[in-house]
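Spelled out from the first residue to the last, the chains are:
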Amino acid sequence: MSATLIISIIIAYFLLLLVISWRTGKGAGNDAFFLGERKSPWFVVAFGMIGASLSGVTFISVPGWVVDSQFSYMQMVLGYLLGYVVIANLLMPLYYRLQLTSIYTYLENRFGRFSYKTGASFFLLSRIIGASFRLFLVANVLQLTVFDTWNVPFYVTVIVTIALIWLYTQRGGIKNHHLDRYTSDLQHAYCRGGLYCPDHPFHGPVHGRDDSKGRIR
């Protein structure tokens, strides 16, 4: 796949996000983002939950991890399954009964402000670290697949990636629940569709592995 085609796909996807943001971002606020105006169909939310748990790290590194760890990766899959069961049967009824917007409100009401601040701080720290690694991965992949071909320095790739993220958030990506929901759904659909693309590199042998183990079945 050529560098021009890759960057064209990225631009088209980003423009699609901006169009959705423009169509759905009017009057968006914190309540709309967290509660979705209580109008989101359950199957759309369920599909988006899977998409929200995926990232560039998942899409790029997990196939190699599965090759190395074999069936032990199923522990992660089963953990997600059990986690969703706990959320559906324990946390969601609690949220509706206490009219909560965030689990941290429950921590404050149940255990005090110190617990609320501690839990929120650890959440922010984990998000910052995770987002930093994802940003590095995305910029590195763009550098290797696109910008190295055009002799663009790595720091320029990072600046361009951050600029796109900033533009996305300024167009309503933070407070726009509908955009967040559609983004998760699109991400899930595209990641699954990419795996079945006949030209996807995962359909070929993995470097350093024999052909019988190096293919995604």
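This text follows the structure it describes.
Sequence order as written defines the numbering, with residues in each chain counted from 1. Under the rules for a predicted model, residues below a pLDDT of 70 receive no local features and side-chain atom pairs below 80 are neither given nor counted, while totals for whole chains, interfaces and linings still include all residues. Where side-chain values are given, they derive from all heavy atoms of the structure, hydrogens and water being excluded.

Before going further, it helps to examine the overall build of the protein chain. Looking only at helices and strands, one finds nine helices and zero strands in the protein chain. Reading the helices (α) and strands (β) of the protein chain from amino to carboxyl end gives α-α-α-α-α-α-α-α-α. Only protein chains enter the accessibility calculation, which uses a 1.4 Å probe; a residue is then buried when its area is under 20% of its type maximum, exposed when over 50%, and partly exposed in between. Relative to its full complement of 217 residues, the protein chain shows a buried share of 24%. Contacts: residue pairs with any heavy atoms within 4.5 Å of one another. Across the protein chain, contacts joining residues at least 24 apart in sequence account for 63% of those joining residues at least 6 apart. Per-residue and other accessible areas were derived by the Shrake-Rupley procedure at a 1.4 Å probe size, with only the shown protein chains allowed to occlude residues. Entry remark: accessible area of the protein chain is about 15,100 Å², with carbon and sulfur atoms responsible for 68%. Secondary structure follows DSSP: runs of H or I at least 4 residues long count as helices, runs of E at least 2 residues long count as strands, and numbering of each begins at the N terminus.

To continue, consider the environment of W150. Here W150 is to be found in the loop between α7 (113-147) and α8 (154-173). Residue W150 is classed as partly exposed on the basis of its relative accessible area of 41%. On a C-alpha basis, the gap between W150 and T4 in space is 9.9 Å, while along the polypeptide they are 146 residues apart.

Our focus in this paragraph is the pattern of salt bridges. Salt bridge, as used here, is a side-chain nitrogen of Lys or Arg placed within 4 Å of a carboxyl oxygen of Asp or Glu. Taken as a whole and assessed by the stated rule, the structure comprises one salt bridge. Its salt-bridge partner being E108, residue R113 comes within 2.8 Å of it at the nearest N-O pair. For R113, a relative accessible area of 48% gives the class partly exposed. A relative accessible area of 28% means that E108 is categorised as partly exposed.

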